[in-house]
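# Inside the fold
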Amino acid sequence: MKKSSTPVQELPAAAARPPAPPPAWQPRTDPAPLLPDPEPYRVLGTDAAAGADPALLLRLYAELVRGRRFNAQATALTKQGRLAVYPSSTGQEACQVAAALALRDQDWLFPSYRDTLAAVARGLDPVQALTLLRGDWHTGYDPHEHRIAPLSTPLATQLPHAVGLAHAARLRGDDVVALALVGDGGTSEGDFHEALNFAAVWRAPVVFLVQNNGFAISVPLAKQSAAPSLAHKAVGYGMPGRLVDGNDAVAVHRVLDEALGRARRGGGPTLVEAVTYRIDAHTNADDATRYREGGEVETWRAHDPVRLLERELTARGVLDEDGIRKAAESAETMAARLRDRMNADPVLDPMDLFAHVYAERTPQLREQEDQLRAELAASAESTAAAESAVEGSGDPR
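Here the structure is a predicted model, which is why all the values come from computation and not from measurement. (Residues numbered from 1 in each chain as written. Predicted model: local features only at pLDDT ≥ 70, side-chain atom pairs only at ≥ 80, totals over all residues. Heavy atoms only, no water.)

## Quick word on the pairing of strand 3 (residues 206-212)
- Burial analysis of strand 3 places seven of its seven residues in the buried class, the great majority of the element.
- Neither face of strand 3 is open: one carries Val206, Phe208, Val210 and Asn212, the other Val207, Leu209 and Gln211, and all of them are buried.
- As paired elements, strand 2 (residues 178-183) and strand 3 share six bridges and run parallel to each other. Looking across to strand 3, one finds that Ala180 is bridged to Phe208.
- Each parallel crossover has a hand, and the one from strand 2 via helix 8 (residues 190-202) to strand 3 is right-handed. (Buried < 20%, exposed > 50% of the residue type's maximum accessible area, 1.4 Å probe, protein only. Helix = DSSP H or I, 4+ residues; strand = E, 2+ residues; numbered from the N terminus. Pairing = 2+ DSSP bridges. Right-handed = clockwise from strand over helix to strand, strands pointing away.)

Here it is in structure tokens:
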């Protein structure tokens, strides 16, 4: 091939460099204050525990003991066929109890499917908290009455809802903060990222609590994220990230209380990562031995949230054997009442399937409703005819 006789013209060094971007590229905020601490924040076993309110400590302890018994009873109900499925939060009770107690009456809780304990600790009837998991109703309670959104089975879909409610409250000037709970698996969903972005841009009064229990069903965190921590994800959206020991109920309560207060004062959202562990399987239908070692579970049992707080309280003389016994007896009474009420067969109306789906029922929904009503009527007629035939034949059945 014949070489070109046209010489290549070298550009001056200054012209070879692309122009500097305009000022708009510069960071909107200083990222340094948004970064989480390198280690999870702790209170129990440190000097910070001395300043904790004894009344709060005792209340946290009582709810932890009750929550542990609630988890055990709900799991037993699945084995008895009284509950369709139950995602236990054993080992994570400190996150959920602290979340419920950190909220004010006017605030909203947005739970995931594993957060029944948080709803119960906020004052919800235990049977109502389990109604969805029993398969009896869309949800077992009035969300507006209790300021608790419906338990969210789809991962992370409750997070944009929390942002929307919080943003609306801010526009109205209401003193309301939303606290949204999600697991580490939920942080891999698009809803998580969209919610954080909108919350930060709108400076919505919302706090996100990620309960990092180590596994998204069978997938460990290391296969979900390469970030230094999930709390570090906050910086990319322009909000503070906090890292806390999720088995230290006092630490979780303190971090959430600060984040909720910041949001209430107009400071915007916060992402809190609570490092905890899921002691039980993902649900009663899961076999956790297929993807994790028993030794790992036993290591975390030594960091049990109930025992951590109990040791702190007894060492400080705030709790004695009588107090431990009373807390256990109260939890057992709750479990017995729950067991008795769940053993009663509920009276269900199949037509309730069509209630509360739309404010005004669509033609398709009305058609389906009419079809089911006709099927139920035909079934009732068939049953009545069969019973009449048996009576006419003199059959002793």
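## Points about unusual backbone geometry
- Phi at Ala156 takes a positive value of approximately 70 degrees, unusual for a residue other than glycine.
- Looking at the secondary structure, you find Ala156 in the loop between helix 6 (143-146) and helix 7 (158-172).
- Of note in the backbone geometry, Arg203 takes a positive phi value of approximately 50 degrees without being a glycine.
- Mapping Arg203 onto the fold places it in the loop between helix 8 and strand 3.
- Exposure remark for Arg203: the relative accessible area of 41% places this residue in the partly exposed category.

## Quick notes on the nonpolar core
- The biggest cluster of nonpolar side chains holds 62 residues, and the ones touching the most others in it are Tyr61, Leu130, Leu179, Leu256 and Leu309.
- When sequence neighbours within four positions are dropped, the list of residues in contact with Tyr61 reads Val306, Leu309, Glu310, Leu313, Leu319, Ile324 and Ala327. (Core = buried A, V, L, I, M, F, W, Y, C linked by side-chain atoms within 4.5 Å. Contact = heavy atoms within 4.5 Å.)

## Observations regarding the layout of surface pockets
- In this structure, the largest pocket occupies an estimated 390 Å³ of space.
- Lining the largest pocket are 26 residues, with Ser112, Tyr113, Arg114, Leu155 and His282 sitting closest to its centre.
- When residues of the lining of the largest pocket are traced back to their parent elements, those giving at least two are helix 5 (126-134), strand 2 and strand 4 (215-216).
- For the lining of the largest pocket, a count of residues per class yields 11 nonpolar, 11 polar and four charged.
- In this structure, the second largest pocket encloses a volume near 190 Å³.
- Lining the second largest pocket are Gly135, Asp136, Trp137, His138, Val347, Leu348, Asp349, Pro350, Asp352 and Leu353.
- Classifying every residue of the lining of the second largest pocket gives five nonpolar, two polar and three charged. (1 Å grid on protein atoms, 1.4 Å probe; cavity = no way out; pocket = protein on both sides within 12 Å on 5 of 7 lines; lining within 4 Å. Points joined across faces, edges and corners; volume = space filled by probe spheres on them. Nonpolar A, V, L, I, M, F, W, Y, C, P; charged D, E, K, R; others polar.)

## Describing the side chain of Glu63
- For Glu63, the location among the structural elements is in helix 2 (residues 54-79).
- With a relative accessible area of 14%, Glu63 lands in the buried category.
- Other than its neighbours up to four places away in sequence, Glu63 contacts Val97 and Ala121.

## Topic: helix 11 (residues 305-315)
- Listing the buried residues of helix 11 in full gives Pro305, Val306, Leu308, Leu309, Glu310, Glu312 and Leu313.
- Looking at the residues trailing helix 11, positive phi occurs at Gly317, about 75 degrees.

## What about helix 3 (residues 93-102)?
- A large share of helix 3 lies buried, amounting to 10 of its 10 residues.
- Within helix 3, burial applies to Glu93, Ala94, Cys95, Gln96, Val97, Ala98, Ala99, Ala100, Leu101 and Ala102.

## Considering the pattern of salt bridges
- With the rule as written, the count across this model stands at 22 salt bridges.
- With its nearest N and O atoms 2.7 Å apart, the salt bridge here joins Arg68 to Asp304. With Arg68 in helix 2 and Asp304 in the loop between helix 10 (294-301) and helix 11, the pair connects residues that are 236 residues apart, well separated along the chain.
- With its nearest N and O atoms 3.4 Å apart, the salt bridge here joins Arg307 to Glu310. Placement of both Arg307 and Glu310 in helix 11 is noted, with a separation of three residues, approximately one turn of the helix.
- Salt bridges sharing common partners tie together Arg104, Asp107, Asp175 and Arg264. (Salt bridge = Lys/Arg side-chain N within 4 Å of Asp/Glu carboxyl O.)

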